[in-house]
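Residue-level structural notes
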Amino acid sequence: MTTEVTTSYDPLLRRIHWATAILFIAAMLIGLYCGLQAPGTSPRRELLEVHKSLGVSLFFLAILRLMVRLATSAPQGPGSFSPMVRIAARLNHWALYAILFIMPVTGYMFSSAGGYSLRYFWTFSWPRLFAHNQTVEHAGEVAHGALAYLVYLAVALHIAATLWHVVVKKDETLARMWPRASRNPT
Ligand code: HEM
Ligand code: HEM
C-alpha cells in the first residue's frame, strides 16, 4: 500500500476505525444469525452473550473514537470528489456514528429491562440499569430490530463506496484511513 498521501485521519482514530470494523461486522453477523433462531435454543443463547459483549465493547470504543475525532482534525475530502459525493459520504459517516451509539443503547434497554443476562465475555455480569419494565423492553426490542436494517444498508454502502474508490476511481480514499498512512500536512 502506498503512503503517498498528503493527509489522512489521526493515527489513533485509524486504529480505532479498523478495530471497530472487525468487532462491528462480527456483532452484526452474530446478531443476524441469532435473530433467525428460535428464542431459548442453543447456540443462540450462548452467541447472544458474545453479541452483547461485542456490542458493549463497541459502545465504549465509540465514546473513545468520538473524543479522538473531536480532538483531532479530519483530512479535507479529495479534490476529485463532487459535491454530491461529499454530501453522500458525510451522511453515511453520520449514520454510522449514530448507529455506533444507538444500537448498543437499544440492545441494552431490551436486555436489561427484559431481565436477561449480560455476561461480559464469560467473566462478570454488567448491572441492569433498567429495572424490569415491559414498555422499555419492547421499545428497545422494536428499535433494535428495525434499526438493524439501517445497519445493513449503511455498512453495505460504506464498503461498496470504498471498493468503488479503490477499484474504479483509484484515488486516495482508502489511504486516508489506512493504518500506516503518513500524515503530512498539505
Ligand atoms: C453496535 C452494536 C450492535 C449491533 C450492530 C447490533 C446488531 C444486531 C443485529 C443486526 C441483530 C439482528 C436483528 C434481527 O434480526 O432482528 C441484533 C439482535 C439482537 N441484539 Fe444486537 N447489536 C448491537 C448491540 C447489542 C447490545 C449491546 C445488546 C444487549 C446488551 C444487543 C442485544 C441483542 C439481542 C437480544 C438481539 C436478538 C433480538 C431477537 O432475536 O429478538 N445488541 N443485534
Ligand atoms: C471492511 C469494512 C470497512 C471499510 C473497508 C471501511 C473503509 C473506510 C474508509 C476508506 C474510510 C475513509 C473515508 C473518507 O476519508 O472519506 C472510512 C471512514 C469511516 N468509517 Fe469505515 N470502513 C469499514 C467499516 C466501517 C464500520 C463497520 C464502521 C462503523 C460502524 C465504519 C465507520 C466509519 C466512519 C464513521 C468513517 C468516517 C471517519 C470518521 O470520522 O471516523 N467503517 N471507512
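Below or above, wherever it landed, is the structure these notes cover. (Residues numbered from 1 in each chain as written. Chains lettered and ligands numbered in written order. Predicted model: local features only at pLDDT ≥ 70, side-chain atom pairs only at ≥ 80, totals over all residues.)

**Things to note about the site of ligand 2**
Contacts to ligand 2 come from 22 residues, most closely from Ala21, Phe24, His93, Leu96 and Met177. When contributions to the shell around ligand 2 are tallied by element, the ones reaching two or more residues are α1 (11-36), α3 (83-113), α4 (134-169) and α5 (173-177). By residue class, the composition of the shell around ligand 2 is 14 nonpolar, six polar and two charged. (Near = placed C-beta within 6 Å. Helix = DSSP H or I, 4+ residues; strand = E, 2+ residues; numbered from the N terminus. Nonpolar A, V, L, I, M, F, W, Y, C, P; charged D, E, K, R; others polar.)

**A few points about the site of ligand 1**
Near ligand 1 you find 25 residues, and of these Gly31, Gly35, Gly55, Met103 and Gly107 are the closest. Contributions of two or more residues to the shell around ligand 1 are made by α1, α2 (44-71), α3 and α4. For the shell around ligand 1, a count of residues per class yields 16 nonpolar, eight polar and one charged.

**Concerning unusual backbone geometry**
If a residue is not glycine, its phi is most likely negative; likewise, a peptide bond is most likely trans. Put simply, Ser42 and Pro43 share a cis peptide bond, and its omega is 10°. Within the secondary structure, Pro43 sits in the loop between α1 and α2. Here Trp122, not a glycine, exhibits a phi torsion of approximately 65°, which is positive. One non-glycine residue, Lys170, adopts positive backbone phi at about 50°. Positionally, Lys170 belongs in the loop between α4 and α5.

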